[in-house]
Amino acid sequence: MSAYPFLVLPIPWLVSPETVLFREKLQEKVEDNDRLGLPSSHNDSIFIYREVPFFRLDASISSLEQQLKSAKAQNMPKTGSGLVSFDEMKQRFLNFKKHKYLEEMEHFQTLADVQTPKFMVIACVDSRVCPSNILGFQPGEAFMVRNVANIVPPLENGPTETNAALQFAVNTLEVENIFIIGHSNCAGIQALMNMQDEENHSFVEKWVAIAKNAKLRTKADANGLSFDQQCKHCEKESINLSLLNLLTYPWIEERVRKETLSVHGGYYDFLNCTFEKWTLDFKTRSSGGHGSIFSAKDRELWS
């Protein structure tokens, strides 16, 4: 009997040269075991292997992908600086251990047992806008999730990693603040503003389409502005839309109403290094033609 009874090999036309070599060596081992009469052993490694099909993309690459590539080229010029290797990453870790962890060991040992953050932060995945770096969050201070364009989907959209994190942060950790942070030159919002129809084919298109009402609001309020100005307007409208989407979750709406939870918006302009912050004022809730209307309070500009 083969020592690898659960081996699953890829179909021939999807096999790489490395896979062919792997399969040949593995087959030799199987034949040697069979020839020597060796029984199957639970100590032997069991491989469950499946090659992922390779699909060649032709010139019909989606317009969204072109937009994201264009935005990346425009917004992230090569500077020759930054993390370039795991060796450098290792040194950064050892520096953290020496100058942070060991100097604050009691604090980190406490964190090993329990976390009690006051903030739940929802931010964009953009590499230029790390909240811990910009706002100085220390370990244990903020429970955080990041996604494309810092979007909060409404309850009706079903489960995502974002609302799963929200549920844990609010119901289990009992955070006191939810802080949604957007930023300038957001490629996700640029893609949303460039979308021409409701046919969303890619994962990114389907995701940013959640914020389509922010786009519609922007088109209505800022139609005479340039595209870049419209994108900046939409970046902030999308934050406000996500603040309202938070209230579609009963366990969030209840806590906001009881004033045990506050929801805030933030906007980081990394071109000018300024930060805007505001808080949704639940007490100003009123009915409008398309649902509830709220105002903002405690607006601040950090510059």
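Residues numbered from 1 in each chain as written. Predicted model: local features only at pLDDT ≥ 70, side-chain atom pairs only at ≥ 80, totals over all residues. Heavy atoms only, no water.

The subject of this paragraph is the overall build of the protein chain. Within the protein chain, the regular secondary structure consists of 11 helices and 6 strands. Taken across its 303 residues, the protein chain has 35% of its residues classed as buried. (Helix = DSSP H or I, 4+ residues; strand = E, 2+ residues; numbered from the N terminus. Buried < 20%, exposed > 50% of the residue type's maximum accessible area, 1.4 Å probe, protein only.)

Scanning all chains against the criterion turns up 11 salt bridges. In the salt-bridge network here, residues are joined through shared partners; they are E253, R257 and R285. (Salt bridge = Lys/Arg side-chain N within 4 Å of Asp/Glu carboxyl O.)

Turning next to the side chain of D281. Here D281 shows up in strand β5 (residues 274-288). Reaching out from D281, the side chain makes a polar contact with the backbone nitrogen of K283 at a distance of 3.2 Å. (Polar contact = N/O pair within 3.5 Å; in protein donor to acceptor, adjacent residues only side chain to side chain.)

It is worth spelling out the packing of helix α6 (residues 161-172) against helix α11 (residues 250-257) at this point. Axis separation between α6 and α11 bottoms out at 10 Å; the angle between their running directions is 40°. One way to sum up the angle between α6 and α11 is to call them oblique. For α6 against α11, the interelement crossing comes out left-handed. Packed against α6, whose contacting residues are N163, L166, Q167, V170 and N171, the element α11 presents W251, I252 and R255 at the interface. (Axes fitted to C-alpha atoms, helices over the stretch in contact; angles between N-to-C directions. Parallel < 35°, antiparallel > 145°, perpendicular 65-115°, else oblique. Left-handed = near helix turned anticlockwise from the far one by under 90°. Contact = heavy atoms within 4.5 Å.)

A few words now on the pairing of strand β1 (residues 119-124). The side chains of a regular strand alternate, first on one face of the sheet and then on the other. Of all 6 residues in β1, 5 are buried, a share of seventy percent or more. Judged from the 6 bridges that link them, β1 and strand β2 (residues 142-147) form a sheet pairing that is parallel. Paired with V121 across the bridge in β2 is M144. Direction of pairing for β1 relative to strand β3 (residues 177-183): parallel, over a ladder of 5 bridges. Along β3, the bridge assignment pairs I122 with I180. (Pairing = 2+ DSSP bridges.)

Here we take up the nonpolar core. M120, I122, L166, I178, L246 and I252 are the most contacted members of the largest nonpolar core, which has 28 residues in total. Among residues more than four places away in sequence, those in contact with L166 are M120, I122, V152, I178, L246, W251 and I252. F137, A149, L241 and F275 belong to the second largest nonpolar core, which has 26 residues in total. (Core = buried A, V, L, I, M, F, W, Y, C linked by side-chain atoms within 4.5 Å.)

To continue, consider a nonpolar patch on the surface. Together, L83, F86 and M89 make up an exposed nonpolar region whose accessible area comes to about 330 Å². By the element assignment, M89 lies in helix α3 (residues 86-101). (Patch = residues over 30% accessible without salt bridge, like charges linked within 9 Å, V, L, I, M, F, W, Y side chains within 5 Å. Areas by Shrake-Rupley, 256 points an atom, 1.4 Å probe, with all protein chains shown as cover.)

Attention shifts here to empty space enclosed by the protein. Evaluated as defined, the whole model comprises 2 cavities of 30 Å³ or more. Taken as a whole, the largest cavity encloses approximately 60 Å³ of empty space. In terms of lining residues, the largest cavity is bounded by A123, C124, V129, P131, I134, L135, I181, G182, H183, Y268 and F275. Counting only elements with at least two residues in the lining of the largest cavity, the list comes to β1, α5 (131-135) and β3. (1 Å grid on protein atoms, 1.4 Å probe; cavity = no way out; pocket = protein on both sides within 12 Å on 5 of 7 lines; lining within 4 Å. Points joined across faces, edges and corners; volume = space filled by probe spheres on them.)

So, about the environment of N150. With respect to the helices and strands, N150 occurs in the loop between β2 and α6. In this structure N150 comes out as buried when scored by relative accessible area, which is 2%. In sequence terms N150 and V208 are 58 residues apart; their C-alpha atoms lie 9.5 Å from each other. Apart from the residues within four sequence positions on either side, N150 is in contact with I122, A123, C124, I180, I181, G182, H183, I239 and S242.

Turning our attention to the side chain of E253. Mapped onto the elements of the fold, E253 is located in helix α11. Take E253: its relative accessible area is 18%, and that puts it in the buried class. Only 3.4 Å separates the side chain of E253 from the side chain of R285, close enough to count as a polar contact. Each residue touching E253, except ones within four places of it in the same chain, is listed here: L247, F282 and R285.

Glancing now at the packing of aromatic side chains. Following the criterion strictly, the structure yields 11 aromatic pairs and no others. Both rings, one in Y249 and one in W251, keep their centres 5.3 Å apart while their planes meet at 45°; by these two values the pair is tilted. On the basis of relative accessibility, which here comes to 2%, the residue Y249 falls in the buried class. By relative accessible area, which is 17% here, W251 ends up buried. (Phe/Tyr/Trp six-rings, centres within 6.5 Å; stacked < 30°, edge-to-face > 60°.)

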